[in-house]
Amino acid sequence: MTAIKHALQRDIFTPNDERLLSIVNVCKAGKKKKNCFLCATVTTERPVQVKVVKVKKSDKGDFYKRQIAWALRDLAVVDAKDAIKENPEFDLHFEKIYKWVASSTAEKNAFISCIWKLNQRYLRKKIDFVNVSSQLLEELPKVTEESVPSGENQSVTGGDEEVVDEYQELNAREEQDIEIMMEGCEYAISNAEAFAEKLSRELQVLDGANIQSIMASEKQVNILMKLLDEALKEVDQIELKLSSYEEMLQSVKEQMDQISESNHLIHLSNTNNVKLLSEIEFLVNHMDLAKGHIKALQEGDLASSRGIEACTNAADALLQCMNVALRPGHDLLLAVKQQQQRFSDLRELFARRLASHLNNVFVQQGHDQSSTLAQHSVELTLPNHHPFHRDLLRYAKLMEWLKSTDYGKYEGLTKNYMDYLSRLYEREIKDFFEVAKIKMTGTTKESKKFGQRRLSLMGLHGSSGKLTGSTSSLNKLSVQSSGNRRSQSSSLLDMGNMSASDLDVADRTKFDKIFEQVLSELEPLCLAEQDFISKFFKLQQHQSMPGTMAEAEDLDGGTLSRQHNCGTPLPVSSEKDMIRQMMIKIFRCIEPELNNLIALGDKIDSFNSLYMLVKMSHHVWTAQNVDPASFLSTTLGNVLVTVKRNFDKCISNQIRQMEEVKISKKSKVGILPFVAEFEEFAGLAESIFKNAERRGDLDKAYTKLIRGVFVNVEKVANESQKTPRDVVMMENFHHIFATLSRLKISCLEAEKKEAKQKYTDHLQSYVIYSLGQPLEKLNHFFEGVEARVAQGIREEEVSYQLAFNKQELRKVIKEYPGKEVKKGLDNLYKKVDKHLCEEENLLQVVWHSMQDEFIRQYKHFEGLIARCYPGSGVTMEFTIQDILDYCSSIAQSH
């Protein structure tokens with residue numbers, strides 16, 4: 001091992017300015033035995049760097065090569081596996097764990113000892129040595145510069161950590177001294193005995209000189225001893241003086257102790273007196289209520305502003321006295337107990353006075369407001385409660401005091417307020433809604449006569465006594481000619497030259513204004529009352545989750561909230577619930593009255609649901625922006641659900657009425673009633689829902705309605721006997737396309753394109769079907785020609801067919817001279833005129849399409865003649881110009 005160490009030092013570490021301190025022969029645990037060496041090294045230059053180097057024998061030769069090096073500061077743990085039994089295995093924890101097996105336990109222990117010493121000397125970070133014998137770490141050999149290690153172990157010694165081998169060379173100074181000595185004895189090399197004898201004689205001379213020097217210093221030692229004896233005598237004298245001084249000071253010490261104890265007792269007495277005075281001043285300052293405050297609490301005027309202010313100040317002072325934080329032991333004093341009882345009596349007395357006065361104020365408010373109901377019975381306005389709120393808000397601080405001191409009376413006042421105000425608001429709101437209903441239906445005594453006349457004119461009253469909307473009579477209408485419908489509409493015109501549609505528009509506008517006014521009156525009323533309740537009863541109303549009417553079903557017979565101890569404030573969430581419950585109790589009639597008003601509006605005209613949906617949505621949105629948890633927001637949200645259901649019901653009724661439409665068998669169809677009704681609905685809806693918040697609801701309704709219109713137009717067209725199917729489809733889809741183009745409804749763009757396509761397709765179909773009749777024989781002839789060509793006969797050989805030769809062609813052409821063609825076209829024009837209705841004004845469009853189609857057929861016939869009968873000279877007996885002249889003259893004559 002020594003030879004290997006020298007070789008490694010010479011070949012690997014000396015070129016890198018490193019010194020090898022320890023070496024161990026190892027192999028990796030659990031793998032094929034491949035030996036290598038772990039070396040502990042330090043650098044020769046400062047700062048010293050300590051490393052653990054893995055050296056492996058090269059595969060190509062007998063020399064060694066450096067494989068990997070780790071800085072000792074990166075070593076975290078040295079695990080020797082077993083501190084008791086001999087075990088050659090050990091682990092080194094660098095960035096990962098390296099498991100090794102040493103060739104011997106002695107080598108492993110020597111290497112671990114070297115690592116421990118390097119860690120102690122150079123590293124601030126202490127390496128953890130696990131399963132290492134403490135004896136091994138404590139009893140490490142101490143090596144000096146002169147010691148020479150033997151065997152395989154080497155130690156780290158001195159400041160420079162010199163490595164001492166078995167052989168040590170002489171340094172330059174030692175060599176120089178030996179040379180000088182040997183020069184003085186030239187015979188030393190030839191006669192070693194004489195040289196040794198000479199050295200012995202010189203050593204004896206030196207020893208004698210040393211003994212003489214010691215004997216010469218004996219006189220000086222005697223003098224030193226005398227001086228020490230004199231010093232001891234002086235010390236004894238000083239000790240005697242110090243003992244006398246100590247006896248004199250002992251009596252003084254006792255006197256000073258007595259004085260100190262007396263001063264301590266005086267200081268303690270003064271401290272106790274100061275503390276007692278402080279306690280008395282604390283009780284007097286914090287538990288003394290002024291006589292003026294006591295008088296205000298007992299006899300203060302709760303009706304005047306000055307009296308209310310005095311009572312408020314007195315109540316605050318009383319509350320401060322009652323809530324003072326007493327120090328330990330104060331509650332045991334009789335005076336304190338008496339004062340606390342006096343305060344409790346004052347609190348009870350004032351709380352009873354305040355509750356009684358406020359109850360009287362609530363009752364008086366009901367009487368005062370009832371006297372003003374008469375003046376609001378004609379106008380659609382609600383009485384203003386602001387003066388009452390303003391007067392009551394003067395007591396807001398007193399209510400806060402009552403809430404914190406006597407919650408029972410506070411809760412009783414709250415319940416009484418709800419009882420009185422709920423009855424008052426119920427009378428006001430019911431009268432208000434009654435006026436609104438009268439204005440909607442016009443059923444006052446002065447207007448009953450006019451209303452009955454209008455209802456009889458509109459045909460909207462009958463045995464059932466129910467008013468229906470403009471769409472409710474669709475299922476009774478039959479499809480009649482446009483002239484008949486105009487005559488029936490004109491029979492309804494009366495009442496100052498006002499038409500039924502004008503009456504509908506006027507009534508709907510009137511209803512919209514009344515409904516908006518109702519909501520505009522209710523909204524500030526509810527918000528003002530909720531704000532007043534929050535301020536007067538000192539309840540927090542913001543950031544609460546919305547509630548429902550079901551949360552306060554038991555308010556009439558129960559308490560407002562869970563039981564609370566006297567003076568214990570409600571949690572924030574409970575206060576929010578309390579505001580909501582109070583509002584529900586006070587305004588419990590609003591939601592039923594609104595629902596009744598909505599039902600009446602829907603009964604008068606189902607289209608009113610459009611107005612109500614827009615208005616209600618806007619007010620719900622406004623209320624939620626102000627306070628999403630308010631009673632108004634919750635109530636209007638519930639009512640909005642009802643309005644939305646009525647709106648959906650209106651749409652469903654229109655679709656159902658489309659499906660129930662019956663057409664007349666004796667008159668032409670024309671524009672179907674539900675198509676006209678859809679136009680009316682869409683026009684009305686677009687004007688109502690302009691910039692509305694719930695546009696999505698209308699778009700969904702449009703989709704349902706237009707699908708119903710499309711399906712039922714086809715259904716009626718299939719059932720029509722008087723009017724051709726193509727005409728019904730063409731006219732109605734043209735009307736639908738025109739309506740959608742005019743209104744520009746974005747969600748119905750696809751349906752608009754579909755309507756245009758259907759109109760175009762059925763127009764073309766009708767034109768082709770109608771034109772097949774004026775030149776019937778000619779059409780049949782050329783159809784036969786095309787059939788022969790389709791069978792494979794060449795076009796120029798068709799003329800050799802017996803049934804389609806030139807003579808047959810001339811014969812057929814002679815049957816259709818210009819006069820006959822004009823007559824056929826004239827009959828066709830009359831027939832088309834009978835099929836089409838006047839409202840859509842499509843006659844000229846259809847006639848122009850027929851003219852173009854007839855010219856196309858003419859050109860087709862001419863082309864067949866030219867290809868199948870070349871050189872025959874056969875031509876039609878009329879030209880394209882003749883066709884144009886015939887069509888123009890026929891159109892002008894009619």
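Figured I'd write up the structure that's included with this text.

Across its full length, the protein chain carries 29 helices and 10 strands. Counting over 894 residues, the protein chain shows a buried share of 41%. Restricting to contacts in the protein chain with at least 6 residues of sequence separation, those with at least 24 account for 72%.

Turning next to unusual backbone geometry. For the bond running from R46 to P47, omega is 0°, close enough to zero to count as cis. Assignment of secondary structure puts P47 in the loop between strand 2 (36-43) and strand 3 (50-57). One non-glycine residue, D17, lies in positive phi territory at about 55°. Following the sequence through the fold, D17 ends up in the loop between helix 1 (2-13) and strand 1 (18-28). You will see that K81, though not glycine, has its phi angle at about 75°, which is positive. Note that K81 resides in the loop between strand 5 (77-79) and strand 6 (89-93). K81 sits in the partly exposed class, given a relative accessible area of 31%.

Turning our eyes to something else, we now look at the packing of helix 25 (residues 776-790) against helix 28 (residues 843-868). Axes are the key here: two packed helices are described by the angle between their axes and the distance separating the axes. Helix 28 packs onto helix 25 with a crossing angle of 45° between their chain directions and a minimal axis gap of 11 Å. Relative to helix 28, the element helix 25 is oriented oblique. Between helix 25 and helix 28 lies a crossing of left-handed hand. Along its contact with helix 25, which presents L778, N779, F782, V785 and E786, the element helix 28 presents Q857, H860, F861, L864, I865 and C868. In the contact of helix 25 with helix 28, the residues fall into 7 nonpolar, 3 polar and 1 charged.

Pairing in this open sheet of 8 strands is mixed, and the strands run 4-3-2-1-7-6-5-8 from one edge to the other. Strands with a single pairing partner mark the edges of an open sheet, and in this sheet they are strand 4 (64-71) and strand 8 (128-130). Here the strands of the sheet are splayed against their neighbours by 30° on average, with no regard to which way each runs. Note: strand 1 against strand 2, 8 bridges, orientation antiparallel. Each bridged residue has a counterpart across the sheet, and for I23 the counterpart in strand 2 is C39. Contacts from helix 1 reach strand 1, strand 2, strand 3 and strand 4, with the element oriented near 115° to strand 1. Contacts from helix 2 (residues 105-122) reach strand 1, strand 2, strand 3, strand 5, strand 6, strand 7 (97-102) and strand 8, with the element oriented near 135° to strand 1.

Rules and cut-offs
- Residues numbered from 1 in each chain as written.
- Predicted model: local features only at pLDDT ≥ 70, side-chain atom pairs only at ≥ 80, totals over all residues.
- Heavy atoms only, no water.
- Helix = DSSP H or I, 4+ residues; strand = E, 2+ residues; numbered from the N terminus.
- Buried < 20%, exposed > 50% of the residue type's maximum accessible area, 1.4 Å probe, protein only.
- Contact = heavy atoms within 4.5 Å.
- Axes fitted to C-alpha atoms, helices over the stretch in contact; angles between N-to-C directions.
- Parallel < 35°, antiparallel > 145°, perpendicular 65-115°, else oblique.
- Left-handed = near helix turned anticlockwise from the far one by under 90°.
- Nonpolar A, V, L, I, M, F, W, Y, C, P; charged D, E, K, R; others polar.
- Pairing = 2+ DSSP bridges.

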